[in-house]
Amino acid sequence: VAEQAAWVIHHGNHSTMSTFMLAGVPQLVIPRHQEQLFCSLRLVSAGCAALVFQDQSTFSAAINAMLKNAQLKQSAEQVASQCAPFDNDSVTAYMRQAYLDLLGNR
């Protein structure tokens, strides 16, 4: 989905946020908890997300921004490019080995 989405709306959990961040997809975030708000604010400060709150009467301005603001997409792609050197396979292998070490190579 992240590779095909023009933008995404979600409540700001860390895995969803990072998946779409790494794919360079702008995000409309409706955080429900404090840690989600803090992460959302970081994306907003990077220019690649819009933030709304669940008790707002309407989300129309934020949705219009997602549809019309090309800068959100450009900023999202820039953030994704900054994360590109991240080697997922090496991290996965490292974590697998750490778990095996902790479990005594069972």
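Residues numbered from 1 in each chain as written. Predicted model: local features only at pLDDT ≥ 70, side-chain atom pairs only at ≥ 80, totals over all residues. Heavy atoms only, no water.

## As for the pattern of salt bridges
Okay, step 1: The full count for this structure, using the stated rule, is one salt bridge.
Okay, step 2: Salt-bridge contacts for Glu77 lead to Lys73; the nearest nitrogen and oxygen are separated by 3.6 Å. With a gap of four residues between them, Glu77 and Lys73 both fall in helix α4 (residues 70-83), about one helical turn apart.
Okay, step 3: By relative accessible area, which is 41% here, Glu77 ends up partly exposed.
Okay, step 4: Taking relative accessible area as the criterion, Lys73 reaches 28% and is therefore assigned partly exposed. (Salt bridge = Lys/Arg side-chain N within 4 Å of Asp/Glu carboxyl O. Helix = DSSP H or I, 4+ residues; strand = E, 2+ residues; numbered from the N terminus. Buried < 20%, exposed > 50% of the residue type's maximum accessible area, 1.4 Å probe, protein only.)

## Description of the side chain of Ser40
Okay, step 1: Relative to the elements of secondary structure, Ser40 occurs in helix α2 (residues 34-45).
Okay, step 2: Within the structure, Ser40 has its side chain in polar contact with the backbone oxygen of Gln36 (distance 2.6 Å).
Okay, step 3: Dropping the residues within four chain positions of it, Ser40 is found in contact with Met17, Val29, Pro31 and Leu51. (Polar contact = N/O pair within 3.5 Å; in protein donor to acceptor, adjacent residues only side chain to side chain. Contact = heavy atoms within 4.5 Å.)

## Some details on the sheet that holds strand β2 (residues 27-29)
Okay, step 1: The sheet built from three strands is open, its strands ordered β1-β2-β3 with parallel pairing. Looking at which strands have only one partner, the edges of the open sheet turn out to be β1 (8-10) and β3 (49-51). When the angles between neighbouring strand axes are averaged without regard to direction, this sheet yields 20°.
Okay, step 2: Relative to β3, β2 runs parallel, the two being bridged by three bridges. (Pairing = 2+ DSSP bridges. Axes fitted to C-alpha atoms, helices over the stretch in contact; angles between N-to-C directions.)

## Some details on the confidence of the model for the chain
Okay, step 1: Across the chain, the average pLDDT comes to 90, with 97% of residues at or above 70.
Okay, step 2: Mean pLDDT values for the elements of the chain range from 86 in helix α5 (residues 88-102) up to 96 in β2. (pLDDT = per-residue confidence, 0-100.)

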